[in-house]
Amino acid sequence: PLDALGLRRDLAARPPDVVHAQNVRMTAVAVAARTLRLRRRPRVVATFHGVPQARSATSARILARADAVAAVSTDLADVLARHGFPRSRLHLVPTAAPRPPTVPDSLRAELRPAGGPLVATIGRLAPEKDHARFLDAMAIVGDRHPRARFAVVGDGPLRASLEDRARRLGLGGRVRFTGW
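None of the values given here were measured: they were computed from a predicted structure.

Conventions we followed
- Residues numbered from 1 in each chain as written.
- Predicted model: local features only at pLDDT ≥ 70, side-chain atom pairs only at ≥ 80, totals over all residues.
- Heavy atoms only, no water.
- Helix = DSSP H or I, 4+ residues; strand = E, 2+ residues; numbered from the N terminus.
- Expected span 1.5 Å × (residues − 1).
- Contact = heavy atoms within 4.5 Å.
- Buried < 20%, exposed > 50% of the residue type's maximum accessible area, 1.4 Å probe, protein only.
- Pairing = 2+ DSSP bridges.
- Axes fitted to C-alpha atoms, helices over the stretch in contact; angles between N-to-C directions.
- Left-handed = near helix turned anticlockwise from the far one by under 90°.
- Nonpolar A, V, L, I, M, F, W, Y, C, P; charged D, E, K, R; others polar.
- Core = buried A, V, L, I, M, F, W, Y, C linked by side-chain atoms within 4.5 Å.

Caption draft 1: Region of interest: helix α6 (residues 131–144). With 14 residues, α6 extends 20 Å between its outermost C-alpha atoms, agreeing within 8% with the 20 Å of an ideal straight helix rising 1.5 Å per residue. In this structure, the buried side of α6 is in contact with β5 (118–122), β6 (149–153), α7 (159–168) and β7 (175–179).

Caption draft 2: Local environment of the pairing of strand β1 (residues 18–22). Residues Val-19 and Ala-21 line the buried face of β1, whereas the alternating positions Val-18, His-20 and Gln-22 sit on a face that is not buried. Note that β1 and strand β2 (residues 43–48) share five bridges and pair parallel. In the sheet register, Gln-22 faces β2, and the bridge partner there is Thr-47.

Caption draft 3: Spotlight on the sheet that holds β6. Taken in spatial order, the three strands of this open sheet run β5-β6-β7, and their pairing is parallel. Strands at the two margins of the open sheet, each flanked by one partner only, are β5 and β7. Here the strands of the sheet are splayed against their neighbours by 20° on average, with no regard to which way each runs. The pairing of β6 with β7 spans four bridges and is classified as parallel.

Caption draft 4: Region of the structure containing the packing of helix α2 (residues 23–34) against helix α3 (residues 56–63). With their axes 9 Å apart at the nearest point, α2 and α3 run at an angle of 35° to one another. The interaxial crossing formed by α2 with α3 has left-handed handedness. Counting all contacts with α2, which are made through Asn-23, Val-24, Thr-27 and Ala-28, the residues of α3 involved are Ser-59, Ile-62 and Leu-63. Its residues assigned to classes, the contact of α2 with α3 comprises four nonpolar, three polar and no charged.

Caption draft 5: Seen up close, the nonpolar core. Within the largest apolar cluster, 20 residues are counted, with the highest numbers of intra-cluster contacts made by Phe-48, Leu-63, Val-69, Leu-80, Phe-85 and Leu-90. For this core, the secondary structure elements donating two or more residues are β1, α2, β2, α3, β3 (68–71) and α4 (74–82). Leave out the neighbours within four places in its chain, and Leu-90 touches Val-69, Ala-71, Ala-77, Leu-80 and Phe-85. Core analysis: the second largest hydrophobic core is formed by 13 residues, Ala-132, Ala-148, Ala-166 and Leu-171 among them.

From the geometry alone we can't say anything about function, so treat these as descriptive.
Here you go:
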């Protein structure tokens, strides 16, 4: 596993101008490594993809030790700013939207029967993505729009619990968990 001392050895052997750290933990490691008596201290640029809400304040304090932070969405930039991160060192760099895949007609027909709207979410099924909120909202939408159908595209550790939640919310045959 990567640690500050190991990274410090690498930075001393091949001194870079910039270290790019992905998210909070790696930012803490990179900042610690550069403070361990390096001849040339590289700048640390971090990318913030988000953390559970309970860790937002701590994350903002850790990320504040980086020279600059790229947030992947406006919402995440606002979270850091609310917790005191200086906006002058905060940059919005949205993640790239992938080219939409070609959807086979059979899948399109399965997901969108009766010609109603299809509402989908795409992402790793993990706590920080909060797909439970998506399902709660779809239960409300489904009550108001009976022909609406829903898709959860992706997979992850919460899939079984999210499928159970969808059943408990009465979404049953109206929501499809497609996997990747």
